[in-house]
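# Secondary and tertiary structure notes
The primary structure of each chain is shown beneath.
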Amino acid sequence: MNETLAGMVTRVTGASYIVETGDGLKVRCRTVPSTVSENEGANLVAVGDRVEFRPKASETDMAEGVIVRVEERRTALVRRREVRRNRSKEKEQVIVANIDQIVLITSFDDPPFNSRLVDRYLVFAESEKLPLLVVVNKIDLDEEGMVEDDLEVYRELGCNICLVSAEDGRGIEELRELLRDWMSAFSGHSGVGKSTIINLLVGREELRTAETSNKTGKGVHTTTSSAMFPLPGGGYVIDTPGIREFNLSGITRENLRFYYTEFLRYMPECAFSSCSHTVEPGCAVIAAVESEAIDAGRYESYLALLDSLDE
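Rules and cut-offs
Residues numbered from 1 in each chain as written. Predicted model: local features only at pLDDT ≥ 70, side-chain atom pairs only at ≥ 80, totals over all residues. Heavy atoms only, no water. Buried < 20%, exposed > 50% of the residue type's maximum accessible area, 1.4 Å probe, protein only. Helix = DSSP H or I, 4+ residues; strand = E, 2+ residues; numbered from the N terminus. Arc of directions from axis to C-beta. Contact = heavy atoms within 4.5 Å. Salt bridge = Lys/Arg side-chain N within 4 Å of Asp/Glu carboxyl O. Core = buried A, V, L, I, M, F, W, Y, C linked by side-chain atoms within 4.5 Å.

## Some words on helix α3 (residues 172-179)
Quick reminder: α-helices carry 3.6 residues per turn. Residues three or four places apart thus point the same way. Taken together, the buried positions of α3 are I172, L175, R176 and L179. Along the axis of α3, the buried residues cluster in a sector spanning 105°; they form a single face. Elements in contact with the buried residues of α3: β8 (101-107), β9 (132-137), β10 (160-163), β11 (183-187), α4 (194-202) and β13 (236-239). The positive-phi residue at the C-terminal boundary of α3 is D181, with phi of around 65°.

What follows is the structure, given as structure tokens:
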């Protein structure tokens, strides 16, 4: 067969790739030495890639094919790689491609809401020029609405926020609307209910779920690679490993300050154009923190993340 078809990669399993066509056909594909990619310096195929493939005869119940071309990626969440330590000499490993937004799943409790994690994701989303949607699960445990105090600073920053309960279904329809017709990458620490929420959204049990460990208070990991699932009302959700796997690619001590957006209006007033907003005299950002124009917790988060970039 010389005919080629177009589709999107929805799952990566070892050396094979599940490609779904526009009419819903799922095809198990592989790559060959002649496969052409429009993405230099990265792994050949990732979940979310748009590809062209050539069908071939199959000896199984599932259609099979060979990927002949991988289209240029519009967006990509990547993990930096040491060229010396991988045989393929790739500079980046793409976790997922062509997404429209990042969705961070957190929880009110068990594990408790972690503002530093939200700050880390906000920095990553700003660096990737992607919107971030913060979902707070387990609000059924928040009878007094205490999480709103933690969320106030993020609402003021214009961050999209959705409160849900996977236990009683509260907020799930609102979340489904926020995801409609978008390709959304879900991430977050284990134990927050990410897999349960995805199962509720797609209307069937696609993912294994895990309870929080009683001994450590941390979740038991269930996601080791990315997988994509269609939403009944349109759009896709992609379950991904945690953002630490992305290593804040491309963010340095020199450019971190630009990704704390509330700093931007004050930075031109700093005495030094290269001000790090830590110890310099005449720093307008520090002055804004002292006058409470910038949230002190966010500034402390900036300092902590800045120190981590030393490593």
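## Remarks on the side chain of N98
Along the chain, N98 turns up in the loop between β7 (92-97) and β8. With near-sequence residues (within four places) excluded, N98 lies in contact with G48, D49, R50, E72, R73, R74, T75 and M183.

## Here's the deal with the pattern of salt bridges
Any two side chains of opposite charge can pair, on the condition that their charged atoms come close. Here the structure, examined in full by the defined rule, presents 13 salt bridges. One salt bridge connects E71 with R69, and the closest N-O pair in it is separated by 3.7 Å. For E71, a relative accessible area of 29% puts it in the partly exposed group. Given a relative accessible area of 22%, R69 falls into the partly exposed group. Residues E262 and R298 are paired through a salt bridge, measuring 2.7 Å at the closest nitrogen-oxygen approach.

## Some details on the nonpolar core
By size, the foremost hydrophobic cluster in this structure holds 52 residues, and its most contacted members are I99, I102 and V285. Elements with a minimum of two residues in this core: β8, α1 (115-128), β9, α2 (147-156), β11, α5 (284-290) and α6 (296-308). Among the elements that line this core, the one with the most residues is α1, at seven residues. In this structure I99 touches R74, T75, L77, L130, M183, A185 and I238, once residues within four positions along its chain are discounted. Counting residues in hydrophobic clusters, the runner-up holds 19 residues, among them L175, V192, I198 and V202.

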